[in-house]
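# Observations on the three-dimensional arrangement
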2 protein chains.
Amino acid sequence: MVQTIDIEISEVGPRDGLQSIEPIMQTKDKKAWINALAAAGVPEIEVGSFVPQSLLPQLADTAELVSHARHIDSLTVAVLVPNLKGAQNALAVRPHKMTIPLSVSETHSLKNLRRTHDQVLDEVRGIRAAIDELETAERPKLEGSLSTAFGCTLEGDVPASKVLEMAEKLMAAGCDEIGLSDTTGFASPRQVRDYTRNIHQLLGPKALAGIHLHNTRGQGLANVMAALEVGLTTVDASMGGIGGCPFAPGASGNIVTEDLVFLLESMGLKTGINFEKLFAARQLLQKALPTVELFGFTPLAGLPKGFSPATPQ
Amino acid sequence: MVQTIDIEISEVGPRDGLQSIEPIMQTKDKKAWINALAAAGVPEIEVGSFVPQSLLPQLADTAELVSHARHIDSLTVAVLVPNLKGAQNALAVRPHKMTIPLSVSETHSLKNLRRTHDQVLDEVRGIRAAIDELETAERPKLEGSLSTAFGCTLEGDVPASKVLEMAEKLMAAGCDEIGLSDTTGFASPRQVRDYTRNIHQLLGPKALAGIHLHNTRGQGLANVMAALEVGLTTVDASMGGIGGCPFAPGASGNIVTEDLVFLLESMGLKTGINFEKLFAARQLLQKALPTVELFGFTPLAGLPKGFSPATPQ
C-alpha cells in the first residue's frame, strides 16, 4: 500500500530516549518496540548511537538493532554517530541515515563531544570519504545536526550567525543535509521560524533535514507550529517524551510522539500513523521500562469523540 | 507606570482552577494569591463564580474576593455568572467583567447549566437589562462564552455553523463580546484559526473577547500559536494548569499560565508580567494547596541562561 505522508515523524526514543534513562532496556524488548513503532506507521526510527559502550551502555546493542530494523519494509533506519570511528562501525551494518551532531556552542561541544568545531568538521570529512567508498546505492544519508542551535545552558545566547556559519561548514565538509536541534529547550517559535528561513535562504530548502525540539519549558508543540508555518516537513519526537540531553544540565524531555501525531492529524496533516497501534507501542515501552515515567496527554485522554484523523486508520 | 501589553493574559485559576479540585482554599489564601498574581503584573483575574454554594462550595467566597480585588489598582476583576440570579449577586459587588457560559452543544448545556439554549439566551437578556439599569460608568462588560465550541465529550463534533449561530444570538441578546472556549480539550489549531476568522468576519474583531483553551491532549500552546496568528490578543490560562471542566468527563487541565507567559515573552510579546513574582505566586498557591498537583515546565526548568523577556523585569 502506497500512502502519502504530509509530515514525517522521526522517532528518536530508542536513541535519545534510552540513552538518558538509567535502566537498560533489553535488546529483545527494543526489537519488539521498534517493530511496534514501525507497525504503527512510524516512517523513520533512530535506533541507536555508535558511541563507546563504556559511555552509554544503554545503547551497546545498536549494531544488532540496525540489522534487525533493516528487515522492516519501508522503514528508514537512522543512527547517531559521534565521529568517524562510530560511522565506520555503523557503515558495517548499513543504516539508511547517519547523524553527526555538532554543538554550535563550542563550550558545549567540548563538554558533549570533547571536540572543537574544527575537529568535528574533520570527522565529517572523514565520514564523507568513508561513505563515498561505497556503491552509490549503498550510501547512507549523512546529516549534520546543529546542537544547542537555540541557546546553550553553558554559554547562554548562541548567535544566529554562528548557526548559519556552522550549517554552511557542515555542508561544505560533506553532509547531505543539516538539522536544527534545540538540545537545551531554549527555542522560541520566533527563533524556529527565523532560523528555518535563514537556512532555507542560505542553503536551499532541501538542505534542512528537520528539527529536533525539546519540551523542557513546555514549548515543544508551539515550536512545531512555527516549523510547519515555514514549511518544515520532518520533525523528531520521542514516544512518552523520554530523553533529553544528559550533558546539558537542567534540560530534559523530548516532544511527545503521541501528542505530536494528534496535533498533526487534527490539523489534517497525514503522518501515516495509526493511533491504536501507536498507543499499543507505548504500552509495550511502559511494560519494558516500568520505573520510567512516560509523558504525554493524548494516550491518557484518548481521542476526542467523533475524531477523524487525516491518515486512514 | 504605564506599560504597553501586547497580549493580555486572563488568569482563571481562582475560578476554573479552584472549582475543579477537592480541597477548599481558604479565603485569606485566595486573597494573598490574587494579590501576588496582580503584583506579578497579571492584568485580569477571574476571581470566582456566582453559583449556588451547594454546587461549588469551593467558590462560596466569590463576593468577598471581588470586593477585595476591586481595591487592586489597574486589575480587571472578572467573574463567572451562570444566570440572572448569579449576575444580580455579582452586580452588588461591582466586578469589571461578567462571563456567562453557553454550551454550543445543547446536550452539554443541559448537563452543565441545566438549561436549553433559549433559556440561557433569556438569562442573557435579563442580565443585559440589569446592567443597563446602572450608570454607564458602573456597567461591567458582559461576555458570552461559547463552551464546547470545538467539540463535546457527549455529542462529539459540534458544527462550526452552530458556533457562529450561537455567537450571533449571544450578541443579539445583549453580550458586549463573546469568547471561544475549548471546554473539552478537542480544539485543533486549524479550528482555532477558522473559528476566529469566522467570528471576526461575522461580528467584527472587537466582538471576540478571547480564547479559553485546555491542555487535555497537550495541544494548549500549539492552539495559542494559531490564535496569535489570526490576531487574538486575550488568552485565558491557569496557574499550574489547575482546573478543567468537572462536568465534561475525561477533560482536564487548563493551559499553564507560567508556560504561556514564557512562550509569549520569548516571542517578543509583552505580557506585562514579571517572572520572579509569577513564580513566587505559584509557590504561594502550592503552599496553600499542598496536595494539589501543579503542572507546567518553565517554573521547574527555570528561565534559559541569558534569556531576555520582552516585558522589562
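Residues numbered from 1 in each chain as written. Chains lettered and ligands numbered in written order. Predicted model: local features only at pLDDT ≥ 70, side-chain atom pairs only at ≥ 80, totals over all residues. Heavy atoms only, no water.

A few words on the overall build of chain A. Summing up its helical and strand segments, chain A has 12 helices and eight strands in all. The globule rule puts the C-alpha radius of gyration for 313 residues at 20 Å, and the 18 Å found for chain A is close to it. Along the three orthogonal principal directions, the C-alpha set of chain A runs to about 55 × 40 × 40 Å. Counting only residues that meet the buried cut, chain A has 61% of its 313 residues in that class. Considering only residue pairs separated by 6 or more positions, chain A has 73% of its internal contacts joining residues 24 or more positions apart. Accessible area for chain A stands at about 11900 Å²; split by element, carbon and sulfur atoms hold 49% of it. (Helix = DSSP H or I, 4+ residues; strand = E, 2+ residues; numbered from the N terminus. Rg over C-alpha atoms; globule rule 2.2 N^0.38 Å. Buried < 20%, exposed > 50% of the residue type's maximum accessible area, 1.4 Å probe, protein only. Contact = heavy atoms within 4.5 Å. Areas by Shrake-Rupley, 256 points an atom, 1.4 Å probe, with all protein chains shown as cover.)

Glancing now at the pairing of strand 2 (residues 44–49) of chain A. Residues and elements named next belong to chain A. In terms of burial, strand 2 is a largely internal element, six of the six residues being buried. Bridging between strand 1 (residues 8–11) and strand 2 involves two bridges; their strand directions are parallel. Opposite E11, over in strand 2, you have I45 as the bridge partner. Pairing geometry for strand 2 and strand 3 (residues 76–80), over five bridges, is parallel. When the sheet's bridge partners are listed, E44 is paired in strand 3 with T76. (Pairing = 2+ DSSP bridges.)

With that out of the way, let us pick up the nonpolar core. Core analysis: the largest hydrophobic core is formed by 180 residues, its most contacted members being A:L146 and B:L146. Not counting the four nearest positions on each side in its chain, B:L146 is found in contact with B:L102, B:V104, B:V163, B:M166, B:A167, B:L170, B:I178, B:G179, B:L180, B:S181 and B:I199. (Core = buried A, V, L, I, M, F, W, Y, C linked by side-chain atoms within 4.5 Å.)

All names here are of chain A. With 15 residues, helix 8 (residues 189–203) extends 21 Å between its outermost C-alpha atoms, agreeing within 8% with the 21 Å of an ideal straight helix rising 1.5 Å per residue. Listing the buried residues of helix 8 in full gives P189, Q191, V192, R193, Y195, T196, I199 and H200. Once helix 8 finishes, G204 follows within two positions and takes phi at roughly 90°, a positive value. (Expected span 1.5 Å × (residues − 1).)

The two chain copies are connected by a rotation around an axis plus a translation along it. In the superposition of chain B on chain A (RMSD 0.0 Å, axial shift 0.0 Å), the rotation amounts to 180°. Classification of the inter-copy transformation places it as that of a two-fold axis. Considering only C-alpha atoms, the part of chain B nearest the rotation axis is B:A222, at 2.1 Å. By residue overlap, the copies meet face to face through one surface: 100% of the interface positions of chain B are interface positions in chain A. (Least-squares fit on C-alpha atoms with pLDDT ≥ 70 in both.)

Attention now moves to the interface of chain B and chain A. Between chain B and chain A, the residue contacts involve 36 residues of the former and 36 residues of the latter. In total, chain B and chain A occlude about 2800 Å² of area from one another, counting both sides; carbon and sulfur atoms represent 62% of this. The largest per-residue losses of area from chain B upon contact with chain A belong to B:R217, B:F297 and B:K305, which jointly make up 23% of the total buried on that side. Between chain B and chain A we count zero salt bridges in total. Where chain B packs against chain A, one counts nine residue pairs in polar contact (both at pLDDT 80 or more). Considering every element that reaches the side of chain B that touches chain A, the biggest residue donor is helix 9 (residues 220–229) of chain B, with five residues. Grouping the amino acids of the side of chain B that touches chain A by side-chain chemistry returns 15 nonpolar, 13 polar and eight charged. (Buried area = accessible area lost by both parts, 1.4 Å probe. Salt bridge = Lys/Arg side-chain N within 4 Å of Asp/Glu carboxyl O. Polar contact = N/O pair within 3.5 Å; in protein donor to acceptor, adjacent residues only side chain to side chain. Nonpolar A, V, L, I, M, F, W, Y, C, P; charged D, E, K, R; others polar.)

Don't take any of this as a statement about function, it's just geometry.
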